[in-house]
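Each chain, letter by letter, is given below.
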Amino acid sequence: MIDGKENVLSKTLAKMNPRLFSHPLFRNYYLKLFYDVTFSTGVRGLYTPCHQVLRGNREKAVIDYDHMSFFRISYINYDQRTSRTLELQKEQDDVVFTMRYVFPNGGLFYHMLEKNILHDKQVYPIAYQYVGFDEHVLDEKEYQKDWVYHADFFDKMKENGITPVDAHNKEENKRKRFVGAKDSRIFK
């Protein structure tokens, strides 16, 4: 709560699924992604009813949401070359969690994606993917630009003929897990 009002996160989640915010698995994911997010100096913001942007001198956080079906929060730290994104999409009575992590490790620059679904009070994995590029493939100045941390980074690198050094992709067999699910859109 902020000044007696609900903050954007709790208000949005309450509209999507009132039990979701208190669900221990979601809380673990949320804390895992954002518990240590801090801004240094120069924090300024932009706010519209469904979009908020906070910028520090070397960081940026963005919150986008639709009260009925969609929520995304992302944070970039340009100096550390890290980014975290949590996206929630409501599909009928289910909620799909998409988490993205971007980070350097061992000379590689990784983009990792993890996707789960909350179905009948259980969380099931849908997909897991990571790709690691040689950190020296990009010019140092490029790491200070947003495009490097976005979901289409891998496609842009591929278009330019740059292949990952390390890659893994696993898609769970969703149809077997959700026999009888009402909405097949989650499988596409």
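The structure we're discussing is the one just above.
What comes next concerns the included structure. For every chain, the first residue of the written sequence is number 1, and numbering continues from 1 onward in sequence order. Totals for whole chains, interfaces and linings use every residue, but because this is a predicted model, local features are given only for residues with pLDDT of at least 70 and side-chain atom pairs only at 80 or more, for both listing and counting. With hydrogens and water excluded, all non-hydrogen atoms of the structure serve as input to the side-chain values.

Attention now moves to unusual backbone geometry. A positive phi angle, close to 60 degrees, is found at R81, a residue other than glycine. Numbering of helices and strands starts at the N terminus; helices are DSSP runs of H or I of at least 4 residues and strands are runs of E of at least 2. The residue R81 is located in the loop between β4 (70-77) and β5 (82-91) in this model. Note on classification: 1.4 Å probe, protein chains only; a residue is buried when its accessible area is under 20% of the maximum for its type, exposed when over 50%, partly exposed between these limits. Look at R81 and you get buried, because its relative accessible area is 13%.

Moving on to the packing of aromatic side chains. Within 6.5 Å between ring centres, the rings of Phe, Tyr and Trp (the latter by its six-membered ring) count as paired, and their orientation is classed by plane angle as stacked under 30 degrees, edge-to-face over 60, tilted in between. The tally for this structure, following the rule as stated, stands at 10 aromatic pairs. Centre to centre, the rings of F109 and Y149 are 6.1 Å apart; their planes meet at 80 degrees, and the pair counts as edge-to-face. Residue F109 is located in strand β7 (residues 108-119), and its partner Y149 is located in the loop between β8 (122-134) and α3 (153-159); the two are separated by 40 residues in the primary sequence. Considered together, F109 and Y149 belong to a single accessibility category, that of buried residues.

The next subject is the nonpolar core. Core analysis: the biggest nonpolar cluster contains 13 residues, and F71, L86, L88 and F97 have the highest contact counts within it. Put simply, a nonpolar core is a bunch of buried Ala, Val, Leu, Ile, Met, Phe, Trp, Tyr and Cys residues held in one set by side-chain atoms that sit within 4.5 Å of each other. In this structure, F109, Y143, Y149 and M157 belong to the second largest nonpolar core, which totals 12 residues.

Glancing now at the pattern of salt bridges. Within this document, salt bridges are pairs made up of a side-chain nitrogen of Lys or Arg and a carboxyl oxygen of Asp or Glu, the two lying within 4 Å of each other. If you walk through the whole model with that rule in mind, you get eight salt bridges. Linking E87 and R72 is a salt bridge whose minimum nitrogen-to-oxygen distance equals 3.4 Å. Taken as a pair, E87 in strand β5 and R72 in strand β4 lie far apart in primary sequence, 15 residues in all. With a relative accessible area of 22%, E87 lands in the partly exposed category. Residue R81 is joined to E135 by a salt bridge in which the shortest nitrogen-to-oxygen separation is 2.7 Å. Remark: E135 occurs in the loop between β8 and α3 and R81 occurs in the loop between β4 and β5; sequence separation between them is 54 residues. E135 shares its class with R81; the two are buried. Beyond isolated ion pairs, a larger network of salt bridges with shared partners links D64, R72 and E87.

Mapped onto the fold, I162 is located in the loop between α3 and β9 (166-171). Taking C-alpha positions, I162 is 9.6 Å from D134, a pair spaced 28 residues apart along the chain. In this analysis, two residues are considered to be in contact whenever any of their non-hydrogen atoms come within 4.5 Å of each other. If sequence neighbours within four positions are ignored, I162 has contacts with F133, V137 and M157.

Here the rule is simple: two strands pair whenever DSSP picks up at least two bridges between them. Within the open sheet, the nine strands sit side by side as β1-β2-β3-β4-β5-β6-β7-β8-β9. Their pairing is antiparallel. Two strands close off the open sheet at either side, each with one partner strand: β1 (44-48) and β9. Between one strand and the next, the sheet's axes are offset by a mean angle of 10 degrees, whatever the strand orientation. Pairing of β5 with strand β6 (residues 94-105) involves nine bridges; the strand directions are antiparallel. Each residue of the ladder has a partner; that of L88, found in β6, is F97. Here an angle of 0 to 180 degrees is reported between the N-to-C directions of two axes, which are lines fitted to C-alpha atoms, with helices fitted over the stretch in contact.

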